[in-house]
Amino acid sequence: MMFKNSIKLLCANFDKVWKLLLYHIICIGIYFGLICVFYNQYIEIANKAIEVSGLREFFNSGTLYGSSIAEGLTAVGDLGISFFKELFIFNIGIGIYFCVLSFYILPLFLNIGKMVTCEMMYGYMSACQKQSFTGTFLKTLKSSLSYSSLKVLYAIPFNALIVASMIGLTRIDNKIFDYIMPFAFVIVPALLMAFKETFNAGWAPAKVVYNQNVSKSYRIGMKAVLRRGARVFSTAFIIYLLAIVLSVVLGLYSIIIILPLISPLVHIFEMVMFFSSQGMRFYVDNDTILSPKKLEEVDKIEDAKYII
């Protein structure tokens with residue numbers, strides 16, 4: 001039901017997809033503008049890394065094909081390792097600059113966009129209210145910055161685990177595993193991203209709904225997630241699995257279409273999960289209001305004494 005209601009809300013609020021996409025384009029444009037300070041150096045390093053990894057021969061019109069997919073994925077892993085190795089050998093300062101921009105500043109901006117989207121969805125789901133992206137951005141900027149600053153740091157270990165697992169899969173040298181690798185490369189990241197989502201899903205919605213500080217919002221969000229932990233994990237797994245499978249089947253260029261849809265879908269899913277776990281009624285579309293079980297019906301018996 002979470003997945004179904006998230007899709008319904010996505011369709012009913014498709015204007016938010018375009019607004020969030022435009023915001024992401026602006027953020028990425030700013031990111032590349034800052035990166036271009038050392039444009040020539042990064043291009044030179046990237047070309048060296050591509051040559052070392054041997055990635056060129058595995059691409060044909062931007063698509064990885066089945067017969068060479070294991071070798072292609074290995075080449076992608078080699079490309080990442082070679083790039084950062086060459087980057088820090090070339091100049092440590094430029095390497096740190098690139099990492100700060102890529103792993104902190106850009107995610108910081110993107111997480112601010114997430115908070116804006118969740119705030120807009122809160123207005124729609126609670127009162128069928130439409131809000132402007134710019135107005136919501138300015139209204140929630142202070143709150144969004146405090147959340148995003150900590151969220152980026154909190155997500156680093158999860159992201160490192162996902163990247164390490166993908167690189168680790170490409171390091172396995174076994175002829176039989178070459179046939180299994182495409183499936184492993186789809187399932188393992190989807191499982192790990194669903195695991196990460198389970199520990200993050202309630203944070204932004206709790207911050208939006210209850211307007212508490214960052215740490216208290218996280219505790220409220222985790223309580224909401226744990227009420228429906230298995231459903232949250234399984235729904236997140238389905239979303240990420242579909243995204244990865246479609247990207248692999250349709251080719252690398254399909255990411256241009258899939259990513260703009262997945263990001264708002266995940267944000268909406270988090271809001272649906274939180275509303276459902278808290279027993280809060282919400283609009284699915286302009287004509288339909290969903291009434292989940294009340295909070296006292298989903299809490300454990302020993303927690304009922306705290307309900308006033």
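Along every chain, residues carry numbers that run from 1 in the direction the sequence is written. A pLDDT threshold of at least 70 governs which residues receive local features in this predicted model, and a stricter bar of 80 or more applies before side-chain atom pairs are shown or counted, although totals over entire chains, interfaces and linings include all residues. With hydrogens and water excluded, all non-hydrogen atoms of the structure serve as input to the side-chain values.

Let us look at the overall build of the protein chain. When helices and strands are tallied, the protein chain shows 12 helices and 2 strands. N-terminal to C-terminal, the α/β element order of the protein chain is α-α-α-α-α-α-α-α-α-α-α-β-β-α. Across the 308 residues in the protein chain, those meeting the buried criterion constitute 44%. Any two residues whose heavy atoms approach within 4.5 Å are treated as being in contact. Taking contacts inside the protein chain between residues at least 6 apart in sequence as the whole, the part at least 24 apart equals 72%. Each helix corresponds to a stretch of at least 4 residues labelled H or I by DSSP, and each strand to a stretch of at least 2 residues labelled E; elements are numbered beginning at the N terminus. The cut-offs for exposure are 20% and 50% of the maximum accessible area for each residue type, with area from a 1.4 Å probe on protein chains only; residues under the lower value are buried, those over the upper are exposed, and the others partly exposed.

Let us look at the environment of A194. Tracing the chain through its elements places A194 in helix 7 (residues 175–198). Between the alpha carbons of A194 and A236 there is a distance of 5.0 Å; along the sequence they are 42 residues apart. With near-sequence residues (within four places) excluded, A194 lies in contact with F233, A236, F237 and Y240.

We now examine helix 11 (residues 255–277). Across its 23 residues, helix 11 extends 32 Å between first and last C-alpha, which sits within 8% of the 33 Å expected from 1.5 Å per residue. Most of helix 11 sits inside the fold, with 18 of its 23 residues counted as buried. In the stretch just after helix 11, G279 is the one whose phi turns positive, near 70°. Here, expected helix span is obtained from the residue count minus one, scaled by 1.5 Å.

Another aspect to go through is unusual backbone geometry. Residues other than glycine seldom take positive phi values, yet C128 does so here, at roughly 55°. Here C128 is to be found in the loop between helix 5 (92–127) and helix 6 (133–171).

Relative to the elements of secondary structure, V284 occurs in strand 1 (residues 282–285). Here V284 falls in the buried class, since its relative accessible area comes to 3%. When the C-alpha positions of V284 and C128 are compared, they lie 8.9 Å apart, and in sequence the two are 156 residues distant.

The contact between helix 8 (residues 203–210) and helix 9 (residues 214–227) brings their axes to 8 Å, and the two run at 115°. With respect to helix 9, the axis of helix 8 lies roughly perpendicular. When you trace helix 8 past helix 9, the crossing you get is right-handed. For the pair formed by helix 8 and helix 9, the contact residues are W203, A206, K207 and Y210 on the first element and V214, S217, Y218, I220 and G221 on the second. Throughout this entry, Asp, Glu, Lys and Arg are counted as charged residues, while Ala, Val, Leu, Ile, Met, Phe, Trp, Tyr, Cys and Pro are counted as nonpolar. The remaining residues, Gly among them, count as polar. Its residues assigned to classes, the contact of helix 8 with helix 9 comprises 6 nonpolar, 2 polar and 1 charged. A fitted line through C-alpha atoms serves as each axis, taken over the contacting stretch for helices, and the angle formed by two N-to-C directions is quoted from 0 to 180°. To sort the angles, those under 35 degrees are grouped as roughly parallel, those over 145 as roughly antiparallel, those from 65 to 115 as roughly perpendicular, and the leftovers as oblique. Should the near helix be turned anticlockwise from the far one by less than a right angle, the crossing is termed left-handed; should it be turned clockwise, right-handed.

By definition, pLDDT measures how confident the predictor is in each residue, and it falls between 0 and 100. Per-residue confidence for the protein chain averages 85 on the pLDDT scale, and 86% of its residues sit at or above 70. Looking at the elements of the protein chain, mean pLDDT is at its lowest for helix 12 (residues 295–298), recorded as 53, and at its highest for helix 8, recorded as 95. Scored below 50 in pLDDT, residues 60–67 shows 11 contacts in the model against residues more than four places distant or in partner chains. Under a pLDDT of 50 for its full length, residues 298–308 has, in the predicted model, 6 contacts with residues more than four places off or in other chains.

Attention shifts here to helix 1 (residues 2–12). Every buried residue of helix 1 is listed here: M2, N5, S6, L9 and L10. An end-on view of helix 1 places all buried positions within 140° of arc, on one side of the element. The arc refers to the directions leading from the helix axis to the C-beta atoms.

With that settled, the discussion passes to the side chain of N200. With respect to the helices and strands, N200 occurs in the loop between helix 7 and helix 8. Two N or O atoms form a polar contact when they lie within 3.5 Å of each other; inside protein one atom must be a possible hydrogen donor and the other a possible acceptor, and for residues adjacent in sequence the pair counts only when both atoms belong to side chains. Within polar-contact distance, the side chain of N200 engages the backbone oxygen of K196 at 2.6 Å. In this structure N200 touches K151, Y154 and E270, once residues within four positions along its chain are discounted.

Right, let's talk about the nonpolar core for a bit. Only buried Ala, Val, Leu, Ile, Met, Phe, Trp, Tyr and Cys residues count toward a nonpolar core, and they belong to the same one when joined by side-chain atoms within 4.5 Å. One finds L9, M125 and M273 to be the most contacted residues of the largest nonpolar core, which totals 44 residues. Counting only elements with at least two residues in this core, the list comes to helix 1, helix 5, helix 7, helix 8, helix 9, helix 10 (229–250), helix 11 and strand 1. For this core, the element with the most residues is helix 11, which contributes 11 residues. In this structure, Y23, L87, I112 and V116 belong to the second largest nonpolar core, which totals 18 residues.

A few words now on the packing of aromatic side chains. Any pair of Phe, Tyr and Trp rings, taking the six-membered ring for Trp, is counted once the centres come within 6.5 Å. Such a pair is stacked with planes under 30 degrees apart, edge-to-face with planes over 60 apart, and tilted for the rest. Counted according to the given criterion, the structure contains 22 aromatic pairs. Between Y122 and F275 the ring centres are 6.0 Å apart and the planes differ by 55°, which places this aromatic pair in the tilted class. Of this pair, Y122 sits in helix 5 while F275 sits in helix 11; the two residues are 153 residues apart in sequence, bridging distant segments of the chain. By relative accessible area, F275 is classed as buried at 1%. Taking 5.0 Å as the distance between ring centres and 75° as the angle between the ring planes, the aromatic pair formed by W203 and Y218 counts as edge-to-face. Highlighted residues: W203 in helix 8 and Y218 in helix 9, separated in sequence by 15 residues. Residue classification places W203 among the buried positions, given a relative accessible area of 3%. Clustering of aromatic rings is evident, with ring pairs tying together F38, Y42, F83, F84, Y97, F98 and F103.

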